[in-house]
Amino acid sequence: MHFLIVTGMSGAGKSRAVAVLEDLGYYCVDNLPIPLIPKFAEVCLAATEQYDKVALVTDVRAGGSFQTLFSSLDSIRTMGCDYRILFLDTATPTLINRYKETRRKHPLMNEGLSLAAAIDQEREMLEGVRGKADYVVNTTKLTAASLREHLVRLFAGSDPNRLFEIIVESFGFKHGIPTEADLVFDVRFLPNPYYEISLREHNGTEPEVRDYVFQGGTADALMKHLNALMDFLIPRYISEGKTSVVVCIGCTGGKHRSVAITEALAAYLREKGNKNLTVVHRDYHRA
């Protein structure tokens with residue numbers, strides 16, 4: 001059981017961090033009252049298969065002293081739960097600008113403080129927990145994509161490809177372009193097995209159909225360009241913080257050519273080490 005306590009300055013990016021942690025498989029709870037943490041840990045321990053990684057967000061919204069937090073964390077450690085603390089920090093001028101842009105009210109301004117004074121008081125309140133944090137991430141100059149990349153390195157190892165999902169989907173244009181498509185490629189220029197009576201009732205997953213589609217070298221030339229395009233795009237999607245891409249390959253009916261090319265592209269992507277890969281043949285069972 002691994003607990004991650006996410007805390008830090010209001011406006012420093014805790015909500016974005018939680019979104020990343022959820023992608024990494026963490027069960028996330030925002031603003032759980034500190035005294036309930038040990039009880040929540042008991043529930044998680046009773047269902048370790050479902051709650052093996054948990055992230056709890058706590059900050060000044062909880063009120064009171066953070067000494068209570070350390071007492072609760074000591075309690076869960078005695079239960080056998082390991083925990084780490086992630087603290088998100090940001091320079092005060094940047095926090096002030098963020099609050100002005102979003103027009104949100106700082107949680108401590110309810111006490112009649114100005115924004116700058118509220119931030120200073122919050123920083124003082126969080127000084128103790130910051131000092132005990134295992135990870136301190138300063139988000140002052142980080143974009144959303146940079147924050148994601150940093151958290152992935154911290155909590156998922158050094159291979160972001162494990163998190164990036166690639167869906168390669170074949171379809172037939174006569175049944176409509178998939179609405180979820182990010183990239184669409186039309187392969188209706190390739191040799192069509194439909195006009196070969198012996199192949200008409202078969203589909204592009206079968207060797208005979210694949211060989212027919214790849215005859216003459218045109219499909220091989222297409223795959224050379226398509227593979228190179230994927231090599232170019234995928235690392236850039238990942239570095240920009242995109243979590244998935246849906247690549248759709250279309251022919252007339254979605255049974256022969258698009259299926260063969262989809263299978264070939266998926267095989268190439270697997271060879272390149274893309275582990276989170278799904279292949280969908282939307283229309284190849286249609287008449």
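Whatever comes next refers back to the structure up there.
Residues numbered from 1 in each chain as written. Predicted model: local features only at pLDDT ≥ 70, side-chain atom pairs only at ≥ 80, totals over all residues. Heavy atoms only, no water.

Asker: Where do I start with the pattern of salt bridges in this structure?
Answerer: Once the charged atoms of two side chains with opposite charge are near each other, the side chains can pair. In total, this model carries ten salt bridges according to the counting rule given. The closest approach of N and O atoms between R123 and D89, which form a salt bridge, is 2.8 Å. Taken together, the positions of R123 in helix α5 (residues 115–125) and D89 in strand β4 (residues 82–89) put the pair 34 residues apart, joining distant regions of the chain. Since its relative accessible area comes to 27%, R123 is described here as partly exposed. Taking the relative accessible area as the measure of exposure, D89 reaches 7% and is therefore buried. Each of R77, D82 and R84 takes part in salt bridges that share partners, so that together they form one network. (Salt bridge = Lys/Arg side-chain N within 4 Å of Asp/Glu carboxyl O. Helix = DSSP H or I, 4+ residues; strand = E, 2+ residues; numbered from the N terminus. Buried < 20%, exposed > 50% of the residue type's maximum accessible area, 1.4 Å probe, protein only.)

Asker: In this structure, what is going on with the packing of aromatic side chains? I would like to understand it.
Answerer: Both the distance between ring centres and the angle between the ring planes are used here to describe each pair of aromatic rings. Evaluation of the coordinates by the stated rule reveals six aromatic pairs. With 6.4 Å between their ring centres and 75 degrees between their planes, F3 and F40 make a pair best called edge-to-face. In this pair, F3 sits in strand β1 (residues 2–8) while F40 sits in helix α2 (residues 37–46), placing the two residues 37 residues apart along the sequence. Taking the relative accessible area as the measure of exposure, F40 reaches 16% and is therefore buried. (Phe/Tyr/Trp six-rings, centres within 6.5 Å; stacked < 30°, edge-to-face > 60°.)

Taken by themselves, the reported measurements are silent on function.
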